[in-house]
Amino acid sequence: MTSLANQRVLVVGGSSGIGLAVAEQAAAAGAAVTIASRSADKLAEAASRIGQGVRTAAIDTADEAGIDAFFTANEAWDHIVISAAQTPSGPVRKLSLDDAKRAMESKFWGAYRIARAAKLAERGSLTFISGFLSERPSASSVLQGAINAALESLARGLALELSPARVNTVSPGLIDTPLWSKMDEMNRNAMFERVAGSLPAKTVGKPSDIANAVLFLMTTPFATGSTVRVDGGGVIG
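Residues numbered from 1 in each chain as written. Predicted model: local features only at pLDDT ≥ 70, side-chain atom pairs only at ≥ 80, totals over all residues. Heavy atoms only, no water.

**A closer look at the packing of helix H4 (residues 97-117) against helix H5 (residues 142-161)**
Then comes step 1: At a minimum axis separation of 10 Å, H4 and H5 run at an interaxial angle of 15°. Between H4 and H5, the angle falls in the class roughly parallel. Where H4 crosses over H5, the two elements pack in a sense that is right-handed. Together, Ala 100, Ala 103, Met 104, Lys 107, Phe 108, Ala 111, Tyr 112 and Ala 115 of H4 and Leu 143, Gln 144, Ile 147, Asn 148, Ala 150, Leu 151, Leu 154 and Leu 158 of H5 make up the contact between the two elements.
Then comes step 2: When grouped by side-chain class, the residues that make up the contact of H4 with H5 number 13 nonpolar, two polar and one charged. (Axes fitted to C-alpha atoms, helices over the stretch in contact; angles between N-to-C directions. Helix = DSSP H or I, 4+ residues; strand = E, 2+ residues; numbered from the N terminus. Parallel < 35°, antiparallel > 145°, perpendicular 65-115°, else oblique. Left-handed = near helix turned anticlockwise from the far one by under 90°. Contact = heavy atoms within 4.5 Å. Nonpolar A, V, L, I, M, F, W, Y, C, P; charged D, E, K, R; others polar.)

Below is the structure:
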């Protein structure tokens, strides 16, 4: 495994959840980290938590011109991680087409725009965050599975197109992140307990579990075109 010391790392979606955990671990490993998201307030709060000279950048993954301007103004990155996404969920026949388009726009096209514009070091890495529904679909989250599968396929193709830069995906299972904060606490805890009991690992994941996998892919020069599933055994359970 290579070192992240003095490596330039950009985490899009780095102000909360999985992205924040990746930024924290990369900074602790000596990387020069920049976190990006749409919210200046969340970025400031996350930067204060991470410390270690982390920088911030306001990036909206729906803003093609803004993305292009950001990468034009910055040097090539050693590693880029994309975890930003907002994806309305529901069965296909109940989810409105507008909500379905917003989900695809946020998670797939947002990542696509970043990948299209990104300046990577010759042997740098780009990492997407997908999800285990790509392999084990749910009747209530059909679109999420399709989006995750599309991201994984995109990564495999880009691994060829962008070679010798490396492109990979981490596929999480259920992770305890702020994504679930809108649920009533009692219902949320009951849901986590129920899912944990159904998994071979007997626990739900933490953002740090996914960050571990992301850093593995960043620092392993032989890993490209890979999807690393970290789901507590959700696909096989």
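**A short note on the packing of helix H1 (residues 17-28) against helix H2 (residues 40-50)**
Then comes step 1: Closest axis-to-axis distance for the H1/H2 pair is 10 Å, and the angle between their directions is 35°. Of the two elements, H1 crosses H2, and the hand of that crossing is right-handed. Listed contacts from H2 to Leu 20, Ala 23, Glu 24 and Ala 27 of H1 are Ala 46, Arg 49 and Ile 50.

**Observations concerning the sheet that holds strand E2 (residues 32-37)**
Strands belonging to one sheet form pairs held by backbone hydrogen bonds; the direction of such a pair is parallel or antiparallel.
Then comes step 1: Ordered by their spatial adjacency, seven strands build an open sheet running E3-E2-E1-E4-E5-E6-E7, and the pairing between neighbours is parallel. Looking along the sheet, the strands with just one partner apiece sit at the ends: strand E3 (55-58) and strand E7 (227-230). Between one strand axis and the next, the sheet turns by 20° as a mean value, whatever way the strands run.
Then comes step 2: For strand E4 (residues 77-82) and strand E5 (residues 120-129), the ladder comprises five bridges, and the chain directions are parallel. When the bridges of E5 are listed, Val 81 appears paired with Thr 127. (Pairing = 2+ DSSP bridges.)

**With respect to the pattern of salt bridges**
Think of it this way: side chains of opposite charge can pair up when their charged atoms draw near.
Then comes step 1: Summed over the entire model, instances satisfying the criterion amount to five salt bridges.
Then comes step 2: In this structure, Glu 64 and Arg 116 form a salt bridge, with 3.6 Å as the shortest nitrogen-oxygen distance. Of the two residues, Glu 64 sits in helix H3 (residues 64-73) while Arg 116 sits in helix H4, which places them 52 residues apart along the sequence.
Then comes step 3: According to the relative accessible area criterion, Arg 116 is exposed, its value standing at 61%.
Then comes step 4: Across the salt bridge formed by Arg 229 and Glu 135, the nearest N and O atoms sit 2.8 Å from each other. In this pair, Arg 229 sits in strand E7 while Glu 135 sits in the loop between E5 and H5, placing the two residues 94 residues apart along the sequence. (Salt bridge = Lys/Arg side-chain N within 4 Å of Asp/Glu carboxyl O. Buried < 20%, exposed > 50% of the residue type's maximum accessible area, 1.4 Å probe, protein only.)

**Considering the environment of Val 81**
Then comes step 1: By the element assignment, Val 81 lies in strand E4.
Then comes step 2: C-alpha of Val 81 to C-alpha of Ala 201: the two residues are 120 residues apart in sequence and 26 Å apart in space.
Then comes step 3: For Val 81, the contacting residues outside a window of four places in its chain are Leu 10, Val 11, Val 12, Val 22, Thr 127, Val 214 and Met 218.

**Some details on H5**
Then comes step 1: In this model H5 runs 29 Å from its N-terminal to its C-terminal C-alpha over 20 residues, within 8% of the 28 Å that 1.5 Å per residue would give.
Then comes step 2: Looking at H5, one finds that the buried residues are Leu 143, Gln 144, Gly 145, Ile 147, Asn 148, Leu 151, Glu 152, Leu 154, Ala 155, Leu 158 and Ala 159.
Then comes step 3: Along its buried surface, H5 packs onto H4, E5, strand E6 (166-172) and E7. (Expected span 1.5 Å × (residues − 1).)

**Observations concerning the side chain of Asn 168**
Then comes step 1: Structurally, the position occupied by Asn 168 is in strand E6.
Then comes step 2: For Asn 168, the side chain forms a polar contact with the main-chain nitrogen of Gly 225, separated by 3.2 Å.
Then comes step 3: Filtering out sequence-adjacent residues up to four positions away, Asn 168 remains in contact with Leu 126, Thr 127, Phe 128, Ala 155, Leu 217, Ala 223, Thr 224, Gly 225 and Ser 226. (Polar contact = N/O pair within 3.5 Å; in protein donor to acceptor, adjacent residues only side chain to side chain.)

**Considerations on the side chain of Ser 125**
Then comes step 1: Relative to the helices and strands, Ser 125 is located in strand E5.
Then comes step 2: Here His 79 takes part through its side chain, which lies 2.6 Å from a polar atom of the side chain of Ser 125.

**Here's the deal with the packing of aromatic side chains**
Then comes step 1: With the rule as written, the count across this model stands at six aromatic pairs.
Then comes step 2: Taken together, the aromatic side chains of Phe 70, Phe 71 and Trp 77 make up a single cluster linked through ring pairs.
Then comes step 3: Positioned over the ring face of Trp 77 is Arg 8, at 4.0 Å from the centre of the ring. (Phe/Tyr/Trp six-rings, centres within 6.5 Å; stacked < 30°, edge-to-face > 60°. Lys NZ or Arg CZ within 6 Å of the ring centre and 35° of its normal.)

**Some thoughts on H1**
Then comes step 1: Over its twelve residues, H1 runs 17 Å from end to end, which matches the ideal 16 Å to within 8%, given 1.5 Å per residue.
Then comes step 2: When you tally the buried positions in H1, you get nine out of twelve residues, the bulk of the element.
Then comes step 3: Among the residues of H1, those classed as buried are Gly 17, Ile 18, Gly 19, Leu 20, Ala 21, Val 22, Ala 23, Ala 26 and Ala 27.
Then comes step 4: Within two residues after H1, Gly 30 carries a phi angle of roughly 100°, on the positive side.

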